[in-house]
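Structure at a glance
The primary structure of each chain is shown beneath.
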Amino acid sequence: MSGQKPSLKSGGSPQSRFQVDVVTEASSADGSKPPEEARSRSRVVGFLDTGALGSAMDIGLPPDVSYDPDTARSDSVSLHSTGTGHTHVSDSHSNTYYMRTFGHNTIDAVPNIDFYRHTAATLGEKLIRPSLSELHDELDKDPFEDGLANGEEPSAAEEAAAALRAKEAKGGTVKFGWVKGVLIRCMLNIWGVMLFIRMSWIVGQAGIGLTIAIILMATVVTTITGLSTSAIATNGFVRGGGAYYLISRSLGPEFGGSIGLIFAFANAVAVAMYVVGFAETVVEMLSDVDALMTDELNDIRIVGTLTVILLLGISVAGMEWEAKAQIVLLVILLAAIANYFIGSFISTESKEPKGFFGYQSAIFLENLGPDFRDEETFFSMFAIFFPAATGILAGANISGDLTDPQSAIPKGTLLAILITGITYVGITISAGSCIVRDATGDHNDTVIDTVNCTDAACTLGYDFSICKEGGCQYGLINDFQVLGLVSGFGPLISAGIFSATLSSALASLVSAPKVFQALCKDNIYPGLGVFAKGYGKNNEPLRGYVLTFCIGLAFILIAELNVIAPIISNFFLASYALINFSVFHASLANSPGWRPSFKYYNKWVSLAGAILCCVVMFVINWWAALVTLLIVLALYIYVSYKKPDVNWGSSTQALIYNQALTHCLNLTGVEDHVKNFRPQCLVLAGYPNSRPALLQLVNSFTKNVGLMVCAHVRMVTRRPNLKELSQEHGRCQRWLNKKRIKAFYTHVFSDNLRHGAQFLMQAVGLGRLKPNTLVMGFKNNWSDGDMREVEIYINTIHDAFDLQYGVVLLRLRDGLDVSHIQGQDEIIQSQEKPAPGGKDVLVSVVPTKDSDSDSCPSKTTSGQSSPLIVRAADKCPLSLTEQRLLEASQQFKKKQGKGTIDVWWLFDDGGLTLLIPFLLTNGSKWGDCRIRVFIGGKINRIDHDRRAMATLLSRFRIDFSDIHVLGDINTKPKKHNKLSFRELVEPYRLREDDMEQEAAERLKAQEPWRITDNELELYKAKNNRQIRLNELLKEHSAAAKLIVMSMPLARKGTVSSALYMCWLETLSRDVPPLLLVRGNHQSVLTFYS
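Residues numbered from 1 in each chain as written. Predicted model: local features only at pLDDT ≥ 70, side-chain atom pairs only at ≥ 80, totals over all residues. Heavy atoms only, no water.

Remarks on the overall build of the chain
What counts, and what does not: Each helix corresponds to a stretch of at least 4 residues labelled H or I by DSSP, and each strand to a stretch of at least 2 residues labelled E; elements are numbered beginning at the N terminus. Remark: exposure states derive from per-residue accessible area (1.4 Å probe, protein chains only) relative to the maximum for the residue type, with buried under 20%, exposed over 50%, and partly exposed in between. When checking whether two residues touch, look at their non-hydrogen atoms; a contact exists if any pair is within 4.5 Å. Here the accessible surface of atoms and residues is derived via Shrake-Rupley with a 1.4 Å probe, and residues count as covered only by protein chains that are part of the display.
When you go through the chain residue by residue, the secondary structure sums to 34 helices and 18 strands. The buried share among the 1089 residues of the chain stands at 52%. Within the chain, counting contacts between residues at least 6 apart in sequence, those at least 24 apart form 79% of the total. About 49400 Å² of surface is accessible on the chain, with carbon and sulfur atoms providing 56% of the total.

In structure tokens:
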């Protein structure tokens, strides 16, 4: 399909915003398609105001809008905006898209770049492709129910104004190509003051060979970093922010935030360093003509201050003026370099006494090797030279001002490294071939003694051997300005020094605010947002310029940067190291999103580059490297602690996923072992804030030990759409994270709790990370509700045992469910800001009939389709019962004091009843509690049973404070307790003896929970045992912090749901918090090593 956009024409009916004319698809007489068809299959005509709106593309109209009276139901088409900068095109009556695809009218869209833009994209407006529900759902559904903000549509005038503003903004922005924006900027920054006043000295000390080695080492580091920068820059659209943007979007906000701050600061201080270098040269010239204003130090401050003010004025004037100034400085610098090379071929006798003889093989051979003096070494030379190789990120730092950063950054950066590297090598060879190391400057020092004179100068008629005693002022080692001597026109070298220093200062003065502005826009550090504001058509960070000016001025006034300069170099190197590491990390993570169009990189080369950068940091200055690493580490820890709410799809996320997937797959190849058993709990808690006590207790023994899944079975009359579900899921997971409950949240839709729990128990989990224990709250109000719900509840327990799950039930005296109390939790917040006058609180509300229910812990009826936002200011005063319930719901949140966890290990279920209390006491909240163990036994074997249990516990290495052997479990319970049990059972009896057999069977089939007389008689002993155990619990464990007890089992199909519920009710009534536990009878404890 053609990319040509349809044109808009004036005219048309005022009733319609625009109308669509059909463009014929028939071929013309000669067989060719009409001109309109060649450009587009349709055109849009009849727009009311073409002057305001411009072209169809300006308002985000999809490229192929057509109309067919045979398939369409309306001839009126309108634009719909989502309120977020996204645009839909739809039919205003039927709310369907009309786009010509493969010759048919369909709402299914063909691939389009505008579908993939970010909301804030600067290169075009984001379009919204038809959603899956719009293509798949029934026709009577409104496809835009999720699309419009607050259900409102912007007017045509608003759309036109927005489009016009975007067009004007786009048209007025100044953008640079790869030459002007990257190549020139990088070359100027790399060609620093070192080129003219230190290169010759390094050649004198290290010799030509080692100097070239130094240059190549530095170039290797910068080239690898340049390749890594190119790879990151071509892996998607690059915005402003340079090194900070590249690192943060690749490695995440922790690394990006830490390196961005110090990189911006380093650029700001670099301004002072370059300006002081310029000022020192000016003051030295003033000193030569005896024109100092005060003294040298204060003159440096005065000249430096005036210079930085001038540079600030150029920067504030805008990027266009700054770019023009850079071109002027580049011309001067190139002229100075050419001036030196021309001068090196022009040898005059007047320059010979000062050491310049033109190109001579004898001088070349003498200078080929090193001659280190004043305790200098190869590494000290490397440390002095390396700052001259930095500056490769000067182009990337203004990535937001480049026309095509993906193309410009690789080409400009790598070419700049090549050109500057060749220049440094050329000057090294040239200076080492035509200038001797030492010269006196005296015309009378000619050769007299040919025996003792063996230097290269001797072969050329001069004897400078006196220089070995020191005191000479000329030659490579003694004269920093020797390149000016060689050059054809000396003052031009001084101009080159000025150009090199000022251009580097100007580049740093522009880079620092741009990087800092990008950092502030991301709001990683609180309080810095004021510097994010931009001004003018180029969004210039004027506030950042002023801040950089102030920092630079402060260091200029110090006028002594010898101590600070190594730290600045180390800051740059730390940035380079992280850029290289970013490429290695992204390649290692193997994320599908890592697809750089620049292919000339290698992850291992990038890793070597990162290591090289770190080595160079310590070679240059070990203490400065330590300071840099400590600052980066401190900022990293701070950002990690604050956890900024950003999601950039970093390689850190990709690698975590990769590792998690690998480990999960590795686990599947290993059989479970009893030593590695851990309770992995599926907690049926509904909305997480509905039963906080249940989640907090389970978290106490699964945190950092086992898996915990907060599950929610939802039964709703209207299933929410995907957007609602996604938002709700996010809120619930954030609640768990904010409460520091290490759990996953998930939900299923089902017709009842039992089926939903079946789905969850069978489907939740991944490989070995699969729940093995079902945790529910006790059904407190079971006797007041529908007994069908009790049947579902008990059958859920049976299903868990069928699936080899352990089962845990928690009962609190006051209940677990706090969802019916409005405003009970202030944590799950709405994404929107609260309206004035109150605070929005998100709670789940249960209908009145279930208001006291802990029964179906994850039940959601039509009255509870989703958490509701209520006004905290409108909350009703809490009743005494609600207050007690809220207090009870938080009892496991705080640290438990000294007390006991009473373990009633009556039946051997594999050890889960004992393992859970042990894990609880291992944690900090329950660490002060002691475990007391209660077991059943015979009166005449109490001591023997106690010793046997003590032996077993010691072999399990489980600490305990006491063991109680209960020899009176089978004693008959008290009469009033038996009477209470009989009253509890009475409403649920079938009474088959009082009716005909057929009627009894029919009633039992309709109401399977009914308790038969035969059943009551058969389980009389078990009934009495539950009553008696409750009496013993009240007698021995009334003061316990928590009771963990073996849960009684009911044989499926034999014990009715009502009788089983009566057992659980009788056993757990009026006791401290009780955890009923029954494992799956597979060993979870072992005493073997």
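As for the pattern of salt bridges
We count it as follows: Salt bridges are defined by distance alone: a side-chain nitrogen of Lys or Arg within 4 Å of a carboxyl oxygen of Asp or Glu.
Following the criterion strictly, the structure yields 24 salt bridges and no others. Its salt-bridge partner being glutamate 1031, residue arginine 1028 comes within 3.0 Å of it at the nearest N-O pair. In this pair, arginine 1028 and glutamate 1031 both sit in helix H33 (residues 1020-1036), three residues apart, roughly one turn of the helix. Take arginine 1028 and glutamate 1031: they sit in the same class, and that class is buried.

Details of helix H7 (residues 199-233)
Side chains that are three or four residues apart share a direction in an α-helix, a result of its 3.6 residues per turn. Cut-off, in case you're wondering: A helix's residues, less one, multiplied by 1.5 Å, set its expected span.
For H7, spanning 35 residues, the distance from its first C-alpha to its last is only 32 Å, which falls clearly below the expected 51 Å at 1.5 Å a residue. Across the 35 residues of H7, 25 count as buried, placing the element largely inside the fold.

Considerations on the packing of helix H8 (residues 242-251) against helix H9 (residues 253-288)
Condition: Lines fitted to C-alpha atoms define the axes here, with helix axes fitted over just the stretch in contact, and angles between the N-to-C directions of these axes take values from 0 to 180 degrees. Note that the term roughly parallel is reserved for angles under 35 degrees, roughly antiparallel for angles over 145, roughly perpendicular for angles of 65 to 115, and oblique for everything else. Definitions for this section: a left-handed crossing has its near helix turned counterclockwise from the far helix by less than a right angle. A right-handed crossing has that turn clockwise. Polarity classes work like this: nonpolar for Ala, Val, Leu, Ile, Met, Phe, Trp, Tyr, Cys and Pro, charged for Asp, Glu, Lys and Arg, and polar for all others, with Gly in that last group.
Running from N to C, H8 and H9 cross one another at 165°; their axes reach a closest spacing of 7 Å. Judged by the inter-axis angle, H8 sits roughly antiparallel to H9. Along this stretch, H8 crosses H9, giving a crossing that reads as right-handed. Residues Ala243, Tyr244, Ile247, Ser248 and Leu251 of H8 pack against Pro253, Glu254, Phe255, Gly256, Gly257, Ile259, Gly260 and Phe263 of H9. For the contact of H8 with H9, a count of residues per class yields eight nonpolar, four polar and one charged.

Notes on the nonpolar core
The condition that has to hold: The set of buried Ala, Val, Leu, Ile, Met, Phe, Trp, Tyr and Cys residues whose side-chain atoms join them within 4.5 Å is what this entry labels a nonpolar core.
Counting 137 residues, the largest nonpolar core has Phe196, Phe385 and Tyr424 as the members making the most contacts within it. For this core, the element with the most residues is H9, which contributes 16 residues. Judged by nonpolar contacts, the second largest core, of 60 residues, contains Leu682, Trp904, Ile1043 and Met1061.

Observations concerning unusual backbone geometry
Backbone geometry places arginine 957, a non-glycine residue, at a positive phi of 60°. With respect to the secondary-structure elements, arginine 957 resides in the loop between helix H29 (942-955) and strand E16 (962-966). Accessibility expressed as a relative area gives 55% for arginine 957, which makes it exposed. With a phi angle near 55°, arginine 991 is a residue other than glycine that sits in the positive phi range. Along the chain, the position of arginine 991 falls in the loop between helix H30 (975-985) and helix H31 (997-1006).

Some thoughts on the packing of aromatic side chains
Basically, it comes down to this: Note on aromatic pairs: the rings of Phe, Tyr and Trp (six-membered ring only in Trp) are paired at centre separations within 6.5 Å, and the planes decide the class, stacked below 30 degrees, edge-to-face beyond 60, tilted for the rest. Geometrically, a lysine NZ or arginine CZ counts as sitting over a ring once it is within 6 Å of the ring centre and also within 35 degrees of the ring normal.
Using the criterion set out here, one finds 24 aromatic pairs in the structure. Ring geometry for tyrosine 1019 versus tryptophan 1063: centroids 5.8 Å apart, planes at 75°, classification edge-to-face. In this pair, tyrosine 1019 sits in the loop between helix H32 (1013-1018) and H33 while tryptophan 1063 sits in helix H34 (residues 1057-1068), placing the two residues 44 residues apart along the sequence. Neither tyrosine 1019 nor tryptophan 1063 differs from the other in exposure class; each is buried. Members of the aromatic cluster, connected to one another through ring pairs, are Phe357, Tyr462 and Phe464. When the ring centre of phenylalanine 480 is taken as origin, the NZ or CZ atom of arginine 198, which lies over that ring, is 4.3 Å away. The ring of phenylalanine 1087 has arginine 955 sitting right over it, with the charged end atom 5.5 Å from the ring centre.

Some words on the state of the cysteines
We apply this condition: Cysteine sulfur atoms are paired as a disulfide whenever they come within 2.5 Å of each other.
Enumeration over the complete set of coordinates arrives at one disulfide. Residue pairing for cysteine 467: its cysteine sulfur links by disulfide to cysteine 472, the two sulfurs lying 1.9 Å apart. In this structure, the disulfide formed by cysteine 467 and cysteine 472 twists by about -95° around the S-S bond and is classed as left-handed. Of all cysteine sulfurs in the structure, the one in cysteine 732 sits closest to cysteine 710, which takes part in no disulfide; the separation is 7.4 Å.

Considerations on helix H5 (residues 178-190)
Of all 13 residues making up H5, 10 are buried, and the element is well covered by its neighbours. If you check which residues of H5 are buried, you get Gly181, Val182, Leu183, Ile184, Arg185, Cys186, Met187, Leu188, Asn189 and Ile190.

Describing the sheet that holds E16
Stated formally: Two strands qualify as a pair provided that DSSP identifies no fewer than 2 bridges between them.
Pairing is mixed across the open sheet formed by 10 strands, whose spatial order is E9-E8-E7-E10-E11-E18-E17-E14-E15-E16. Across the chains shown, the open sheet's two edge strands, defined by having one partner strand only, are strand E9 (744-749) and E16. In this sheet, adjacent strand axes meet at a mean angle of 20° when their direction is disregarded. As paired strands, strand E15 (residues 929-936) and E16 are joined by five bridges and run parallel to one another. Looking at the pairing, valine 933 lines up with isoleucine 963 of E16.

What about a nonpolar patch on the surface?
Convention followed: What makes a patch is a set of residues exposed beyond 30% relative accessible area and free of salt bridges, joined within 9 Å when like-charged and within 5 Å when nonpolar (Val, Leu, Ile, Met, Phe, Trp, Tyr).
Residues Phe618, Trp622, Trp623, Leu626, Val627 and Leu629 make up a contiguous nonpolar surface patch of roughly 550 Å² in combined accessible area. Looking at which element gives the most residues to the nonpolar patch, the answer is helix H21 (residues 622-642), with five residues. Of note, valine 627 is situated in helix H21. Relative accessible area serves as the criterion here: at 30%, valine 627 is assigned to the partly exposed category.

Concerning the side chain of aspartate 817
The condition that has to hold: Think of a polar contact as two N or O atoms within 3.5 Å of one another; within protein, one of them needs to be a possible hydrogen donor and the other a possible acceptor, and neighboring residues in sequence only count if both atoms come from side chains.
Assignment of secondary structure puts aspartate 817 in the loop between strand E11 (806-811) and strand E12 (840-843). Of note is the side chain of aspartate 817, whose polar atom sits 3.3 Å from the side chain of arginine 691. Engagement of the side chain of aspartate 817 in a polar contact is seen with the side chain of serine 819, the distance being 2.7 Å.

With respect to the packing of H30 against H34
Where H30 meets H34, the axes come as close as 10 Å, and the angle between the chain directions of the two elements is 145°. Between H30 and H34 the crossing geometry is right-handed. Only Leu1059, Cys1062, Trp1063, Glu1065 and Thr1066 of H34 make contact with H30, whose side of the interface consists of Phe981, Leu984 and Val985.

So, to be careful, I would describe these as geometric facts and stop short of saying anything about function.
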